[in-house]
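Working through the structure, step by step
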Amino acid sequence: MMKRGAIIVFEGIDRCGKSTQVQLLHDVLQKSRSVELMRFPNRQTPIGQKINSYLTDKAVQLDDHVIHLLFSANRWEARNQMLETIQSGKSIIVDRYAYSGVSFSAAKGLDLDWCKDPDRGLPAPDVVIYLQLSIEEAQKRGNYGEERYETVEFQRKVKDLYENKMKDPSWKVVNASQKPEDLHNDIRSIVESVIQDVEHTPLNTLTI
Ligand code: FDM
Ligand code: MG
């Protein structure tokens, strides 16, 4: 039987080191395995360009529900490609997924179940690696940038919402306050075993 690839999702608050770790993992795994990197939002598609303008330009006004649905649509438009990649035996490392969608929108006060609905049915991650870092430590890493959502108060709400999911069996919480090399080693051992464990199992759809 053909081996399938794994979907490995990374989540965490801003400045938790997620993008650095995702890149490092990709570079290392690439030497021995078939892997690719994806990130959401994918700012390249027409929907992604709209999302990018909303994130980077505070003059752009969109109803909170509308931007939520655009983020979700930006995942749905990647669905076929994700499925093809997985079925071809290649694993996907994903920088943010539906949990960012739910946590960032619910942090604005949108109904949690309403936030979850649009993403139900997407390819489910085989593992969600949550880079846990306190708000205080994230702040010490430097000022938040200029994009929407990059404020301490908002990140605090996002963190609480993420952490409601931590007991989910597919979630693996890693300590993001460690040195980058140590964090990478923790992540790599989780990922190597997930890739092997799921090779012959069917891919699930997201119930969130
Ligand atoms: N974000 C990201 C959302 O609000 N919803 C989503 O579905 C996704 C995927 O977009 F503030 C937010 C999270 C972050 C911003 O993400 C851009 P990056 O990872 O900083 O580019
Ligand atoms: Mg950001």
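Just so we're clear, the structure is a prediction, and the values are computed from it rather than from any experiment.

Let us now look at helix α5 (residues 98–106). Extensive coverage of α5 is indicated by the burial of nine of its nine residues. Check the buried side of α5 and you find it contacts β1 (7–11), α3 (64–76), α6 (112–116), β4 (127–132) and α8 (152–163).

Outside of glycine, negative phi angles account for most residues, and trans bonds account for most peptide bonds. Here F40 and P41 are connected by a cis peptide whose omega angle stands at 0°. Following the sequence through the fold, P41 ends up in the loop between β2 (35–39) and α2 (46–56). Phi is positive for R96, close to 75°, though the residue is something other than glycine. Considering the arrangement of structural elements, one finds R96 in the loop between β3 (91–95) and α5.

Attention shifts here to the site of ligand 1. Within the structure, ligand 1 sits among F40, P41, L55, F71, R96, S100, G101, F104 and Y149. When residues in the shell around ligand 1 are grouped by element, the largest group, three residues, is from α5. When the residues that make up the shell around ligand 1 are grouped by side-chain class, the tally is six nonpolar, two polar and one charged.

Residues with a pLDDT of 70 or more make up 100% of the protein, whose mean pLDDT is 97. Per-element averaging of pLDDT across the protein places helix α7 (residues 135–140) at the bottom with 94 and α3 at the top with 99.

Turning next to the sheet that holds β2. One open sheet accounts for five strands, arranged β2-β3-β1-β4-β5; its pairing is parallel. Edge strands, defined here as strands with exactly one partner in the open sheet, are β2 and β5 (171–175). When strand polarity is set aside, the average angle formed by the axes of neighbouring strands in this sheet is 20°. Direction of pairing for β1 relative to β3: parallel, over a ladder of four bridges. Within β3, the residue paired with I7 across the bridge is I92.

Another aspect to go through is the nonpolar core. Side chains of nonpolar character tend, in soluble globular proteins, to be buried together. Core analysis: the biggest nonpolar cluster contains 42 residues, and I8, V9, I93, V94, I129, L131 and V194 have the highest contact counts within it. Of all the secondary structure elements, the ones that give two or more residues to this core are β1, α1 (18–29), β3, α5, β4, α8 and α9 (180–198). Take this core: its biggest share by element is six residues, from α9. With residues near it in sequence (within four places) discarded, V194 still touches A6, I8, D126 and V127.

Here we take up the packing of α2 against α3. Working note: a packed helix pair is described by the angle between its axes plus the distance between those axes. α3 packs onto α2 with a crossing angle of 140° between their chain directions and a minimal axis gap of 9 Å. Judged on the interaxial angle alone, α3 and α2 are oblique. The element α2 and its partner α3 pack so that their crossing is left-handed. When α2 is examined against α3, the residues I47, G48, K50, I51 and Y54 are found in contact with a partner set consisting of I67, L70, F71, A73 and N74. For the contact of α2 with α3, a count of residues per class yields seven nonpolar, two polar and one charged.

Turning next to the environment of F104. With respect to the element layout, F104 can be found in helix α5. Excluding anything up to four places from it in sequence, F104 contacts Y149 and V158.

Bringing the environment of R4 into the picture now. Along the chain, R4 falls in the segment before β1. Sequence separation between R4 and E84 is 80 residues; the distance between their C-alpha atoms is 9.9 Å. Those residues in contact with R4, other than ones at most four positions away along the chain, are I86, Q87, G89, V198, E199 and L203.

Interhelical geometry of α1 versus α9 gives an angle of 60° and a closest axis separation of 10 Å. Between α1 and α9, the angle falls in the class oblique. Considering the relative orientation of α1 and α9, their crossing is right-handed. Seen from α1, the contacting residues are T20, Q21, L24, L25 and V28; seen from α9, they are P180, L183, H184, I187, R188 and V191. Taken together, the residues that form the contact of α1 with α9 break down as seven nonpolar, three polar and one charged.

The rules behind the values
- Residues numbered from 1 in each chain as written.
- Chains lettered and ligands numbered in written order.
- Predicted model: local features only at pLDDT ≥ 70, side-chain atom pairs only at ≥ 80, totals over all residues.
- Buried ≥ 20, exposed ≤ 12 C-beta atoms within 10 Å, placed from the backbone.
- Helix = DSSP H or I, 4+ residues; strand = E, 2+ residues; numbered from the N terminus.
- Contact = placed C-beta atoms within 7 Å.
- Near = placed C-beta within 6 Å.
- Nonpolar A, V, L, I, M, F, W, Y, C, P; charged D, E, K, R; others polar.
- pLDDT = per-residue confidence, 0-100.
- Pairing = 2+ DSSP bridges.
- Axes fitted to C-alpha atoms, helices over the stretch in contact; angles between N-to-C directions.
- Core = buried A, V, L, I, M, F, W, Y, C linked by C-beta atoms within 7 Å.
- Parallel < 35°, antiparallel > 145°, perpendicular 65-115°, else oblique.
- Left-handed = near helix turned anticlockwise from the far one by under 90°.

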